Amino acid sequence: MKTLYVSDLDGTLLDKKAKLTPKSIEIIRQLIADGMMFSVATARSASSVDILKQLEINLPCVQLNGVLMYDFKAQKYIDCTPMDKETALNIIKILKAFDRMSFVYKFDFDGGINVEFERLSNDVERNFFNARKDKDYKSFKQIENITVSDSDKVIYFTMVDSYERLKPIYEEISKLQKAKATLYSDNYSELYFLEVFSADATKASGVQKLKKLVGADRVVAFGDNLNDIDMLKTADVGIAVNNCVDELKNYADIIIGNSYEDGVAEYLLNNAE
């Protein structure tokens, strides 16, 4: 039986400094070399997962909560689930009604991810921008008034702010049938992420696509936050790290050690087939 192991990154596979520990690198790299099928499903995009090169992953990975699939060996995107123009415009309308615009991700297979923004609202967003603006996989452009043309393929909205500020926006966007919104705590600050994408794209759907692509018989998935719930629910074995949000434990078959104590790597070392 061929098992696909899929892990979230922040709060699950990475430590408190958003890095892979030397121990996790050594264990997982060796298991992959020995034939283990391992990949990640993350809210990050390709420009943020260069760190995975340390693991020498040889499978595609699921990005932006299931919106994209990126093949590191071929160095290209191989799958995309965009939202329709009307839904994207409705999201922009809601954001403007709350006087709060997010980063808007637009995509094409030739040009990759192009991010538009009107302004940076806090230090976390400024740090987010500064850490990614010079990466190869993604371009940033500040414009006065974001909108959507017929040729645009909008794939993602993301913003960081307080829970109180984001909750009413989340509730309004959640009323849109063709959009999926996730609101969850940032692992590295006291703020929250609000991320919006097509209702047809989730980590769970992305992992199932990957399962079919690689010919796996079963999936073992690791997570720590609310955007991992669907992935753990649909996996054959859903595993939460001990430092996860409390709600996720209700959907986990197994609870393992903390992310910052190599919980995923230790589990794989002792249980991977």
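Heads up: these notes are all about the structure in this document. (Residues numbered from 1 in each chain as written. Predicted model: local features only at pLDDT ≥ 70, side-chain atom pairs only at ≥ 80, totals over all residues. Heavy atoms only, no water.)

1. Quick notes on the side chain of Asn-65
Residue placement: Asn-65 occurs in the loop between β3 (61-63) and β4 (68-71). Assessed through its relative accessible area of 2%, Asn-65 is described here as buried. Looking at Asn-65, its side chain comes within polar contact range of the side chain of Tyr-156, at 2.8 Å. Of the polar contacts made by the side chain of Asn-65, one reaches the side chain of Glu-195; its length is 2.9 Å. Discounting residues that sit within four places of it in the chain, Asn-65 has contacts with Thr-42, Ala-43, Tyr-156, Thr-182, Glu-195, Phe-197, Ala-201, Thr-202, Lys-203 and Asn-227. (Helix = DSSP H or I, 4+ residues; strand = E, 2+ residues; numbered from the N terminus. Buried < 20%, exposed > 50% of the residue type's maximum accessible area, 1.4 Å probe, protein only. Polar contact = N/O pair within 3.5 Å; in protein donor to acceptor, adjacent residues only side chain to side chain. Contact = heavy atoms within 4.5 Å.)

2. Here's the deal with unusual backbone geometry
Even without being glycine, Glu-56 reaches a positive phi, approximately 55°. Looking at the secondary structure, you find Glu-56 in the loop between β2 (37-40) and β3. Its identity is not glycine, yet Leu-64 carries a phi of approximately 50°, on the positive side. The residue Leu-64 is located in the loop between β3 and β4 in this model.

3. Describing the sheet that holds strand β1 (residues 3-7)
With respect to topology, 5 strands assemble into an open sheet ordered β2-β1-β12-β13-β14, the strand pairing being parallel. The two strands at the open ends of the sheet, each matched to only one other strand, are β2 and β14 (254-256). Each strand axis lies, on average, 25° off the axis of its neighbour in the sheet, ignoring direction. Examined bridge by bridge, strand β13 (residues 237-241) and β14 share 3 bridges and lie parallel to one another. Along β14, the bridge assignment pairs Ala-240 with Ile-255. Packing against the sheet, helix α5 (residues 203-214) makes contact with β1, β2 and β12 (218-223), and its axis sits at approximately 145° to β1. (Pairing = 2+ DSSP bridges. Axes fitted to C-alpha atoms, helices over the stretch in contact; angles between N-to-C directions.)

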